[in-house]
Amino acid sequence: EEVEFALPLLISLSTGEHSDLESRSVKDMANLSLGHYHLKRDELDEAKAYFNQIGYIGPHSNEALYYLAWIELKQKETKTAFAFWVDLSKRNPADFYVGKSYLIRPYTLEQLNSSHLALSGYLRASELYDNLINDVDNTIEVINSEGWITKLHPGSLKTISMYERISPQPGWVDTQRNEAN
């Protein structure tokens, strides 16, 4: 019931021009929510349409790209799903969805009857996870060391949002069309 009540609001937030950073973030989050809503109802084309509206670069882009790939896989478009996961795997490996893509890529290769490539993909995923674990261990070691907080300078605590770093971005499909031309 609560979801049904929120749908008109989410739909209104997911459309229109959003030139400022905050409203673009709200628009992407609304599209992400609507994509999840339709995905849970197994309405794949509707979910895909909403995930495609999310900016190609931004705080919600990795999640959208991940679910676009899953939809393609469910729709038996295995090569397209693999292309999405390859693109996703080129992003920051510390991101949850990027890390997951390292395991899903080899699975997709198995679906494409490329078991020998899938095996090397699983080995690369294992190496990635080992490196991420080492990075976390090193970070913990630094934090536990004496005086690490005094080594921070005021400028290091300032953050810039992802939306402040990027200009308005097209959706995934538009980006791929532009690259193909």
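Residues numbered from 1 in each chain as written. Predicted model: local features only at pLDDT ≥ 70, side-chain atom pairs only at ≥ 80, totals over all residues. Heavy atoms only, no water.

On the surface, Leu9, Leu13 and Val26 cluster together to form a nonpolar patch covering roughly 240 Å² of accessible area. Inspection of the secondary structure assignment puts Val26 in helix α2 (residues 21-40). Relative accessible area serves as the criterion here: at 41%, Val26 is assigned to the partly exposed category. (Patch = residues over 30% accessible without salt bridge, like charges linked within 9 Å, V, L, I, M, F, W, Y side chains within 5 Å. Areas by Shrake-Rupley, 256 points an atom, 1.4 Å probe, with all protein chains shown as cover. Salt bridge = Lys/Arg side-chain N within 4 Å of Asp/Glu carboxyl O. Helix = DSSP H or I, 4+ residues; strand = E, 2+ residues; numbered from the N terminus. Buried < 20%, exposed > 50% of the residue type's maximum accessible area, 1.4 Å probe, protein only.)

Here we come to the packing of helix α5 (residues 78-89) against helix α6 (residues 96-111). One can describe the packing of α5 onto α6 by two numbers: an axis separation of 9 Å at closest approach and a directional angle of 150°. When the axis of α5 is compared with that of α6, the two are roughly antiparallel. At the point where α5 passes α6, the crossing takes the left-handed sense. Seen from α5, the contacting residues are Thr78, Phe82, Trp85, Val86, Leu88 and Ser89; seen from α6, they are Tyr97, Val98, Ser101, Tyr102, Ile104, Arg105, Thr108, Leu109 and Gln111. Taken together, the residues that form the contact of α5 with α6 break down as 9 nonpolar, 5 polar and 1 charged. (Axes fitted to C-alpha atoms, helices over the stretch in contact; angles between N-to-C directions. Parallel < 35°, antiparallel > 145°, perpendicular 65-115°, else oblique. Left-handed = near helix turned anticlockwise from the far one by under 90°. Contact = heavy atoms within 4.5 Å. Nonpolar A, V, L, I, M, F, W, Y, C, P; charged D, E, K, R; others polar.)

The next point concerns the nonpolar core. Side chains of nonpolar character tend, in soluble globular proteins, to be buried together. By size, the foremost hydrophobic cluster in this structure holds 24 residues, and its most contacted members are Leu39, Phe51, Tyr66, Tyr67, Ile71, Trp85 and Leu88. Among the secondary structure elements, those contributing two or more residues to this core are α2, α3 (44-52), α4 (61-74), α5, α6 and α7 (115-144). The biggest single contributor to this core is α4, with 8 residues. The residues touching Tyr66, leaving out its near neighbours within four places in the chain, are Trp85, Leu88, Tyr97, Lys100 and Ile104. (Core = buried A, V, L, I, M, F, W, Y, C linked by side-chain atoms within 4.5 Å.)

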